[in-house]
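Commentary on secondary and tertiary structure
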Amino acid sequence: MLQVPFIRDNRDDIVKRLTIRNIDAAKMIDDVIVFDEQRRQLQTQLDNEKAEMNNLSKEIGNLYKSGEAQKANILKEKTTQLKDSIKDLELQLTNKADALNELLYKIPNVPNPIVPTGNTDDDNEEVFREGEIPVLFEGALPHWELAKKYDIIDFELGNKITGAGFPVYKGKGARLQRALIAYFLDKNTAAGYTEYQLPHLVNEASGFGTGQLPDKEGQMYHVTGDNLYLIPTAEVPGTNIFRNVLLNASDLPIGITGYTPCFRREAGSYGAHVRGLNRLHQFDKVEILRVEHPSKSYEALDTMVNHVKGIMRELNLPYRILRLCGGDLGFTSALTYDFELFSTAQDRWLEISSISNFETFQANRLKLRFKNSEGKNELAHTLNGSSLALPRVLAGILENCQTEKGIKIPEVLIPYTGFEYIN
RNA sequence: GGAGAAAUGGCAGAGUGGUCGAAUGCGGCAGUCUUGAAAACUGUUGAGGGUCACACCUCCGGGGGUUCGAAUCCCUCUUUCUCCGCCA
């Protein structure tokens, strides 16, 4: 969420930059400024009355001590009225603050000026492309057929055990998935990220901290018995490590990585384009996450993009990088690069990573700050990205690396799989 | 799951109704001394709101209550520790 002082000082610029997202935020922004003004007025009034109350209380105490109970009782009567007034003001203030916050929750992050305008993913800007798109032999199959042919992923079994979107990986399929997880984690830790194993369920406060709650409640699985949520991404437990944290400038930058399963209800998704591994309710993902000094966060974003590039290069898979347009940009992000893998047998691009700079948007909600060089507490910048999402990478390997002899495992993974072919 | 104890500043730890945003120790920072460092000594050292700056207000695990007044009393939730039960 945006900071109110920032809104107050940059009203026009914010409204203008939010048009990149195709939203006219003028009314909301102006309301924020007005509500904040009113909130502050109420606060001042309340503070004054409380100060008066404090003084009266002190006086009463002194009077009792010097044995002047009579006088004290007279003062006590005065406090009754003041008490009511304070109670009333407190209520008004809470209401105003709630209204202000509700507005703030609705305002998305201000896009970086280089974010292209646009509505849909057609308007995303391709900034990089690499890797050769293989020409497949006659009779090449999409991954869901390959999964059946080599008996490595069983979608039906998942249906039986749980339901649609919960595939069962078997044999070399399971091993390949484990190999990818280990490989990604090794790459990330080699690049300086500290490996974490994080909880797969989070409480309400954490869901709120990263912005899934209250708005996207329907997207998460909710364990009502204990009021916990299954994580939709490691971003949620990972970023909440830093909720209500005050760091030293020397602690920055912080980089962490973690593998977790991810659970998404994906309500309303259906059809051919969600077939096979393309969209699941449960999938595995390795995430990287950084906390940065504000002056270094865009440099860090580039570093993260280059890091994932390096992985794709090693895997030798064709991919492209998109700069997301305003309409496609996530609510909390200021700038996002998506990695898409070309899935030859499906003849389409599959999103496998999304790397974003949230600037202070998450940090403000999380209260993640550091002591800057002036000794003041300042909000840090947060960033995160997938490195990488497993199922679509798996789909890409199956489809792009299929040969008439079977699936040829990319070189870098062979030490992890212990086999060269799935056949 | 049952019984009991506890939660205070970066840490440790006092404080059971007013003068407590909170003793004291450690740590941090600044200074004196020193060629430099250590030691010693002196000072300083939480967060949020508000203000041009002060004033002022709020915060002693979270929420609610009693009272003129709450770190202190009551209710409730959460967490931690000890004992018992269960268990990978």
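Residues numbered from 1 in each chain as written. Chains lettered and ligands numbered in written order. Predicted model: local features only at pLDDT ≥ 70, side-chain atom pairs only at ≥ 80, totals over all residues. Heavy atoms only, no water.

Under an unreviewed UniProt entry, chain A has the name Serine--tRNA ligase and belongs to Winogradskyella immobilis. According to its UniProt record, chain A has this under Pathway (unreviewed entry): "Aminoacyl-tRNA biosynthesis; selenocysteinyl-tRNA(Sec) biosynthesis; L-seryl-tRNA(Sec) from L-serine and tRNA(Sec): step 1/1." Regarding chain A, the UniProt comment filed under Sequence similarities (unreviewed entry) reads as follows: "Belongs to the class-II aminoacyl-tRNA synthetase family. Type-1 seryl-tRNA synthetase subfamily." (UniProt positions renumbered as here; feature names shortened; annotations may be inferred.)

What about the sheet that holds strand S11 (residues 319-323)?
The eight strands lie next to each other as S1-S11-S12-S13-S16-S10-S9-S4, forming an open sheet whose pairing is mixed. Two strands bound the open sheet, and with one partner strand each, they are strand S1 (125-130) and strand S4 (194-196). Ignoring which end each strand starts from, the neighbouring axes of this sheet average 25 degrees apart. Contacting S1, strand S10 (282-292), S11, strand S12 (335-343), strand S13 (348-359) and strand S16 (381-389), helix H10 (residues 297-315) runs over the sheet at an angle of about 5 degrees to S16. (Pairing = 2+ DSSP bridges. Helix = DSSP H or I, 4+ residues; strand = E, 2+ residues; numbered from the N terminus. Axes fitted to C-alpha atoms, helices over the stretch in contact; angles between N-to-C directions. Contact = heavy atoms within 4.5 Å.)

What to know about the UniProt feature "coiled-coil region" (unreviewed entry) in chain A
Feature annotation in UniProt assigns "coiled-coil region" (unreviewed entry) to the following positions: residues 39-92. Within residues 39-92, the helical portion is 94% and the strand portion 0%, while the C-alpha atoms at the span's ends are 9 Å from each other.

Quick word on the environment of Leu379
Mapped onto the elements, Leu379 comes out in strand S15 (residues 377-379). Residue class for Leu379 comes out buried when judged on its relative accessible area of 13%. In the structure, Leu379 is positioned 133 residues away from Leu246 in sequence and 9.0 Å away in space, judged by C-alpha atoms. Those residues in contact with Leu379 that sit more than four places away from it in its chain are Gln3, Pro294, Thr360, Ala363, Asn364, Leu368, Arg369 and Phe370. (Buried < 20%, exposed > 50% of the residue type's maximum accessible area, 1.4 Å probe, protein only.)

A short note on the nonpolar core
In globular proteins that are soluble, nonpolar side chains generally tend to be buried together. Among the nonpolar cores identified, the biggest contains 56 residues, and Leu180, Phe184, Met312, Phe339 and Val393 are the most heavily contacted of them. The element contributing the most residues to this core is H10, with eight residues. Setting aside its immediate chain neighbours within four residues, Phe184 contacts Val286, Ile311, Leu315, Ser387, Leu388, Leu390 and Val393. Residues Ala26, Ile29, Leu103 and Phe361 belong to the second largest nonpolar core, which totals 18 residues. (Core = buried A, V, L, I, M, F, W, Y, C linked by side-chain atoms within 4.5 Å.)

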